[in-house]
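Secondary and tertiary structure notes
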Amino acid sequence: MKKKLIAGNWKMNGSLSANKTLVDALLAGSRNAQCLVAVCVPAPYLAQVQQLVDGSVIALGGQDVSQHDLGAFTGEFSAAMLKDFGVRYCLVGHSERRQYHGETDQVVAAKAQRALAAGITPVVCVGETLAEREAGHTEEVVKRQLAAVIHANGHCISEIVVAYEPVWAIGTGKTASVEQAQQVHAVLRGQLRAATAQADRVHILYGGSMNAGNAAQLLAQPDIDGGLVGGAALKPADFLAIIAAAQ
Ligand code: PGA
């Protein structure tokens, strides 16, 4: 069985001193981690956190990447730039990017492509809004979001990570029930199986108010291969408890 992957998404939080305190605590507590661990940090802190986690079990992650290679795109940064700082994973299509920055399925697919080409594992985020769930469109939405990425990256689709994050569960304290989460994960696994013989290698993470209390149950589901953790990733004790639940 593959190791689970627990990735922290710090979002727009942190400072030089807060990052050091947080990472030092994570390093001290995760030395014997049996799962894969990553922290996705704000871009200005990549160099700092790269040094802090160097040689440890904690991999460095970014939160976004440009869909372009290089050039006149003020404010953006490329996959090659992330690679320069030892980035191993990069979130693409987080719901906050889709919602506040108008990222379409096609833009997300292009970002995944750039990451893969640079040797970075894209963590492709998919998930439905509350309105979409209530209208019975959950499967259709997540399948459409993943289909765009499969279409653009067919030959190396087994190299991605997928994160199912129901938008209504992000930062709200409302977690999808284990049944709701597993059901969507199974749908995504089925879609990957139709695209590649290697679908079982792909990590499908759950995200959305994962915490120390609910992680073990979620991670016990057959198609939940890890977690993408926001709020709880900023609290060392909570993040370490989730790592411990993923053994
Ligand atoms: P949350 O965020 O754990 O705070 O709900 C998860 C995410 O947005 O990645």
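Each chain has its residues counted from 1, running along the sequence as written. Only residues with pLDDT of 70 or above have their local features reported here, since the model is predicted, and side-chain atom pairs are shown and tallied only from 80 upward, although totals for entire chains, interfaces and linings are computed over all residues. Only hydrogens and water are set aside when side-chain values are computed; all heavy atoms of the structure are taken into account.

1. Quick notes on unusual backbone geometry
Unlike most non-glycine residues, Lys11 shows phi in positive territory, near 55 degrees. Labels follow the DSSP assignment, with helices taken as runs of H or I lasting at least four residues and strands as runs of E lasting at least two, numbered in each case from the N terminus. Relative to the helices and strands, Lys11 resides in the loop between β1 (5-9) and α1 (16-29). Relative accessible area serves as the criterion here: at 21%, Lys11 is assigned to the partly exposed category. With a phi close to 55 degrees, Ser209 is a non-glycine residue in the positive phi region. Within the fold, Ser209 resides in the loop between β7 (204-207) and α9 (215-219). A 1.4 Å probe rolled over the protein chains alone gives each residue an accessible area, and that area as a share of the maximum for its type sets the label: buried under 20%, exposed over 50%, partly exposed in between. Using a relative accessible area of 18% as the deciding quantity, one classes Ser209 as buried.

2. Quick look at the packing of helix α7 (residues 138-153) against helix α8 (residues 178-195)
Relative placement of two packed helices is described by the angle separating their axes and the distance separating the axes. Direction vectors running N to C along α7 and α8 enclose 35 degrees, while the axes themselves pass 10 Å from each other. The crossing of α7 and α8 is right-handed. Note on element contacts: α8 touches α7 through Gln183, Val184, Val187, Leu188, Gln191, Leu192 and Ala195, opposite Thr138, Glu139, Val142, Lys143, Leu146, Ala147 and Ile150. Just so you know the grouping, Ala, Val, Leu, Ile, Met, Phe, Trp, Tyr, Cys and Pro go in nonpolar, Asp, Glu, Lys and Arg go in charged, and all remaining residues, Gly too, go in polar. Looking at the contact of α7 with α8, its residues break down into 9 nonpolar, 3 polar and 2 charged. Between the N-to-C directions of two axes lies an angle of 0 to 180 degrees, each axis being a line fitted to C-alpha atoms and, for a helix, fitted only over the stretch in contact. In this scheme, a crossing is called left-handed if the near helix is turned counterclockwise away from the far one by less than a right angle; it is called right-handed if the turn is clockwise. Residues are treated as being in contact if the distance between any of their heavy atoms lies within 4.5 Å.

3. Some remarks on the pairing of β1
β1 sits mainly inside the fold: 5 of its 5 residues count as buried. The two faces of β1 match: Leu5, Ala7 and Asn9 on one face and Ile6 and Gly8 on the other face are all buried. Pairing geometry for β1 and strand β2 (residues 36-40), over 5 bridges, is parallel. Its bridge partner lying in β2, Asn9 is registered against Cys40. In the classification by handedness, the crossover that spans β1, the intervening α1 and the parallel β2 is right-handed. DSSP-based pairing: two strands are paired if at least 2 bridges between them are found. Strand direction decides the pairing type here: β1 and strand β8 (residues 226-229), joined by 4 bridges, are parallel. Along β8, the bridge assignment pairs Gly8 with Val229. We call a crossover right-handed when, viewed with both strands directed away from the observer, the connection leading from the first strand over the helix to the second proceeds clockwise.

4. Description of the site of the ligand
Residues are classed as near a molecule or strand on a simple rule: at least one heavy atom within 4 Å of it. Of all residues adjacent to the ligand, which total 13 residues, the nearest are Lys11, His94, Glu165, Gly171 and Ser209. In this structure, Gly231 approaches the ligand through a main-chain N or O atom, which is 2.8 Å from an oxygen atom. Values of accessible area rely on a 1.4 Å probe in the Shrake-Rupley scheme; residue burial ignores everything except the protein chains shown. Across the complex, the protein chains shield 96% of the 280 Å² of accessible surface that the ligand would expose by itself. Only protein atoms enter the 1 Å grid, on which a cavity is a set of points fitting a 1.4 Å probe that cannot get out and a pocket is an open set with protein on both sides within 12 Å along at least 5 of 7 lines, lining residues being those with an atom within 4 Å of a point. Think of it this way: if more than half of a molecule's atoms are within 2 Å of a pocket's grid points, that molecule is in the pocket or cavity. Of the pockets mapped on this structure, the ligand occupies the second largest pocket. When the residues that make up the shell around the ligand are grouped by side-chain class, the tally is 4 nonpolar, 7 polar and 2 charged. As used in this structure description, the phrase polar contact means that two N or O atoms lie within 3.5 Å; if the pair is within protein, one of them must be able to donate a hydrogen and the other to accept it, and residues adjacent in sequence are counted only when both atoms belong to side chains.

5. Quick notes on the environment of Ala216
Assignment of secondary structure puts Ala216 in helix α9. The partly exposed category is assigned to Ala216, whose relative accessible area is 45%. Ala216 sits 150 residues away from Ser66 along the chain, and the two C-alpha atoms are 34 Å apart.

6. Here we look at the nonpolar core
Within the largest apolar cluster, 66 residues are counted, with the highest numbers of intra-cluster contacts made by Ile6, Val49, Val162, Leu188, Leu192, Tyr206 and Phe239. In this view, Ile6 contacts Cys35, Leu36, Val37, Ala38, Leu219, Gly226, Gly227, Val229, Phe239, Ile242, Ile243 and Ala246; residues no more than four positions away in its chain are not counted. We call a set of buried Ala, Val, Leu, Ile, Met, Phe, Trp, Tyr and Cys residues a nonpolar core when their side-chain atoms join them within 4.5 Å.

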